[in-house]
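The chain contents come next:
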Amino acid sequence: MLLRSIRTAEHLRRISASSVSAYLTSPSLASRVSPTESAQSSPISRFYYSNPRNENRHTTTSSSASSRWRISIRHMSRRRKATKAVDLAMDSVVKIFTVSTSPSYFLPWQNKSQRESMGSGFVISGRRIITNAHVVADHSFVLVRKHGSPIKHRAKVEAIGHECDLAVLVIDSEVFWEGMNSLELGDIPLLREEVFVVGYPQGGDNISVTKGVVSRVEPTQYVHGATQLMAIQIDAAINPGNSGGPAIMGNKVAGVAFQNLAGGENIGYIIPTPVIKHFINGVEESGKYIGFCSMGVSCQPMENAQIRGIYQMNAHRILNKEDVILAFDGVPIGNDGTVPLRKKERITFDHMVSMKKPDETALVKVLREGKEHEFSITLRPLQPLVPVHQFDQLPSYYIFAGFVFVPLTQPYLHEYGEDWYNTCPRRLCERALRDLPEKSNQQLVIISQVLMDDINTGFERLAELQVKKVNGVEVDNLRHLCQLIENCDTENLKLDLDDGRVLALKYQDARLATSLILKRHRIASAMSSDLLIEQHNPATELAAPCSTAVV
């Protein structure tokens, strides 16, 4: 693999206009999923004879009878497997009821209307419940009901990983755990192996079992977290409400149902056990979600013979641009960027990287200027310049003189609608998808809107522009901008924006106008709660308060 640049690879995959639908808890997306359950079974052998004479009739009849007998045995075996899956699920799979409230990124001081959704989950060891992160994202209240019980029990979200779309729930009620059994995580199923997806999809209130076979195993975009991780494609119908339910193979869990392919017929995806185990082990070891590592590089395949010849190839910051990556942890990487997975199966080497724990080292062999080198690198999760998601937290904002300053995030751009990629400001969209951080804690701070007042008349067209400098000092993030404005000791305040635009105000007049604007718009505080906490934190770099609440 040719190393094109030192940059995060995930930014190329963050266009949310994906063909995959992840939010299977929302009834509004039901039309995107085929309700037809897969009835595909294994191919049945047929016998053909080239000699049509009568003496072969007995042989043909005997073979047909034998074939029917084998078919009957197959059906009986499948019925047993399905019955076994149902028996396991009865005391393990639960229905999850979530009340959630998402923030408004255009009006970050208030929330949108609350909504209700349903999903599935299953019990694992340690009295814990596994489900999808999107089932409980932005939750304000979570209830769980076990099969055959009319009682809903209050649940708490112990850990949540939005990148891998997994969450762990805990329930304190002893009544709930009576008669509940935990499911054991198994291995990655082989191609064409049967799995049974168990859950509570829409269309009914009772538990449902859907059969399917494994179609492929490869890295797939997780729509909820906008990341690329291993996933298993199956031909079972996965409908809204199935999210978080187990896919059972034999007597163990092969994966967690989480998304389907929009426009496809019975094409669903489950999260495989290596990803689940990585998530659970990280929570057990650190008490919180630790994330998935990345090398922080963008790679190009070396399949073309000409490019291999140019780089003398016959077959962080340690790595240089145009290094050729030959092996990762001793595993040779093919010219197409893949490594062996199982017999006659390959997968991109990104999977090996993502399975590493934060701060774990890896041995990388590279070809540099015709010579082979080996480097030990430390892997960590990468934070993008523009966050892809911000679930379970309120957006940050700061208001001064009617100008609403916010950090640029993809959820902010999503407020422009489903077609946000084409309707939001083009400059902001390009930066969200392509720009990379140059320093830690860096944010792109923009003016999201202007709350009109005499103090800012004529500046209303400056909305949606990035703030680059305050009184000549380059802005690192929203908190830094807050500090620079609040600590201004000059008569005038000057902000340098995109396109060479300038915003200039009389500082004291602007401070007085701020409190009046907040009162007029019924905004309780000129800053978000996270900045208020930092304001009262002695360890913060802020030397003065960033805002005054409306009295």
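Everything that follows concerns the structure shown earlier in this document.
Notes on the structure in this doc start here. Note that this is a predicted model, so its numbers are computed, not measured.

## Comments concerning the sheet that holds strand β24 (residues 403-407)
Logical step 1: Taken in spatial order, the three strands line up as β23-β24-β25 in an open sheet, and their pairing is antiparallel. Two strands in the sheet have a free side with no partner beyond their single neighbour: β23 (398-400) and β25 (445-450). Pairs of neighbouring strands in the sheet enclose a mean axial angle of 30 degrees, with direction left out of account.
Logical step 2: Sheet topology note: the β23/β24 ladder contains three bridges and is antiparallel. Paired with Phe-400 across the two strands is Phe-403, which belongs to β24.

## Observations concerning the pattern of salt bridges
Logical step 1: For the structure on display, the rule yields 22 salt bridges.
Logical step 2: Here Lys-95 makes a salt bridge to Asp-205, at a shortest N to O gap of 2.7 Å. Taken together, the positions of Lys-95 in strand β3 (residues 93-100) and Asp-205 in the loop between β10 (194-199) and β11 (208-222) put the pair 110 residues apart, joining distant regions of the chain.
Logical step 3: Classification of Asp-205 as partly exposed rests on a relative accessible area of 41%.

## Side note on the environment of Pro-103
Logical step 1: Relative to the assigned elements, Pro-103 resides in the loop between β3 and β4 (115-124).
Logical step 2: Sequence spacing of Pro-103 and Gln-114 is 11 residues, and the spatial spacing of their C-alpha atoms is 9.8 Å.
Logical step 3: Excluding its chain neighbours within four sequence positions, the residues that come into contact with Pro-103 are Gln-110, Asn-111, Lys-112, Asp-138, Gln-393, Leu-394, Pro-395 and Glu-415.

## Digging into helix α9 (residues 426-434)
Logical step 1: Three or more residues of α9 are buried, namely Leu-428, Cys-429, Arg-431, Ala-432 and Leu-433.
Logical step 2: Contacts made by the buried residues of α9 are with α7 (410-414), α8 (420-423) and β25.

## Concerning helix α11 (residues 507-520)
Logical step 1: Taking 1.5 Å of rise per residue, the 14 residues of α11 would be expected to cover 20 Å, and the 20 Å separating its terminal C-alpha atoms lies within 8% of that figure.
Logical step 2: The inward-facing, buried residues of α11 abut β23, α10 (478-486), β28 (492-497) and β29 (502-506).
Logical step 3: Positive phi shows up at Arg-522, right after α11, with a value of about 55 degrees.

## Some remarks on the environment of Arg-461
Logical step 1: Turning to its location among the elements, Arg-461 is positioned in the loop between β25 and β26 (467-470).
Logical step 2: In sequence terms Arg-461 and Val-450 are 11 residues apart; their C-alpha atoms lie 8.4 Å from each other.

## Notes on the packing of aromatic side chains
Two numbers describe a pair of aromatic rings. These are the distance of the centres and the angle of the planes.
Logical step 1: Under the defined criterion, the tally for this structure stands at 14 aromatic pairs.
Logical step 2: Aromatic side chains Phe-176 and Trp-177 sit 4.9 Å apart centroid to centroid with 85 degrees between the ring planes, which places their arrangement in the edge-to-face category. Accessibility assignment for this pair places Phe-176 and Trp-177 in one class, buried.
Logical step 3: The interplanar angle of 85 degrees and the centroid separation of 6.2 Å between the aromatic rings of Trp-420 and Tyr-421 together place this pair among those described as edge-to-face.
Logical step 4: On the basis of relative accessibility, which here comes to 4%, the residue Trp-420 falls in the buried class.
Logical step 5: Ring pairs connect the aromatic residues Tyr-398, Phe-403, Phe-405 and Phe-459, which therefore count as one cluster.
Logical step 6: Seen from the ring of Phe-176, Lys-146 lies directly overhead, with NZ or CZ sitting 5.9 Å from the centre.

## Regarding the sheet that holds strand β8 (residues 156-161)
Logical step 1: Spatial strand order, β7-β6-β3-β4-β5-β9-β8: seven strands in an open sheet with antiparallel pairing. Of all strands in the sheet, those bounded by a partner on one side alone are β7 (153-154) and β8.
Logical step 2: Where strand β6 (residues 139-146) meets β7, two bridges bridge the pair, whose relative direction is antiparallel. Bridge pairing links Leu-143 to Arg-154 in β7.

## Remarks on the pairing of strand β17 (residues 324-328)
Logical step 1: Counted residue by residue, β17 has five buried out of five residues, so it is predominantly covered.
Logical step 2: Sheet analysis places β17 next to strand β21 (residues 360-368), joined by four bridges and oriented antiparallel. Residue pairing in the sheet places Val-324 in a bridge with Leu-367 of β21.

## Some thoughts on the side chain of Ser-102
Logical step 1: By secondary structure assignment, the location of Ser-102 is in the loop between β3 and β4.
Logical step 2: In terms of polar contacts, Ser-102 uses its side chain to reach the side chain of Asp-138, at 3.3 Å.
Logical step 3: If near-sequence neighbours (up to four positions away) are discounted, Ser-102 is found in contact with Asn-111, Lys-112, Arg-115 and Asp-138.

## Overview of the environment of His-224
Logical step 1: With respect to the secondary-structure elements, His-224 resides in the loop between β11 and β12 (227-234).
Logical step 2: Remark: the alpha-carbon pair of His-224 and Asn-132, spanning 92 residues in sequence, is separated by 9.6 Å.
Logical step 3: At a separation of 2.9 Å, a polar atom in the side chain of His-224 contacts the side chain of His-162.

## Here we look at the pairing of β4
Logical step 1: Across the 10 residues of β4, seven count as buried, placing the element largely inside the fold.
Logical step 2: Strand direction decides the pairing type here: β3 and β4, joined by eight bridges, are antiparallel. Counted as the bridge partner of Thr-98 is Ser-117 from β4.
Logical step 3: Two strands pair when backbone bridges link them, and β4 and strand β5 (residues 128-131) are joined in this way by three bridges, in the antiparallel orientation. Within β5, the position partnered with Val-123 by the bridge is Ile-129.
Logical step 4: Taking the residues between adjacent antiparallel strands as the criterion, β4 and β5 are bridged by three residues, where Gly-126 takes a positive phi near 85 degrees.

Reading the values: the criteria
Residues numbered from 1 in each chain as written. Predicted model: local features only at pLDDT ≥ 70, side-chain atom pairs only at ≥ 80, totals over all residues. Heavy atoms only, no water. Pairing = 2+ DSSP bridges. Helix = DSSP H or I, 4+ residues; strand = E, 2+ residues; numbered from the N terminus. Axes fitted to C-alpha atoms, helices over the stretch in contact; angles between N-to-C directions. Salt bridge = Lys/Arg side-chain N within 4 Å of Asp/Glu carboxyl O. Buried < 20%, exposed > 50% of the residue type's maximum accessible area, 1.4 Å probe, protein only. Contact = heavy atoms within 4.5 Å. Expected span 1.5 Å × (residues − 1). Phe/Tyr/Trp six-rings, centres within 6.5 Å; stacked < 30°, edge-to-face > 60°. Lys NZ or Arg CZ within 6 Å of the ring centre and 35° of its normal. Polar contact = N/O pair within 3.5 Å; in protein donor to acceptor, adjacent residues only side chain to side chain.

In short, geometric facts, not functional conclusions.
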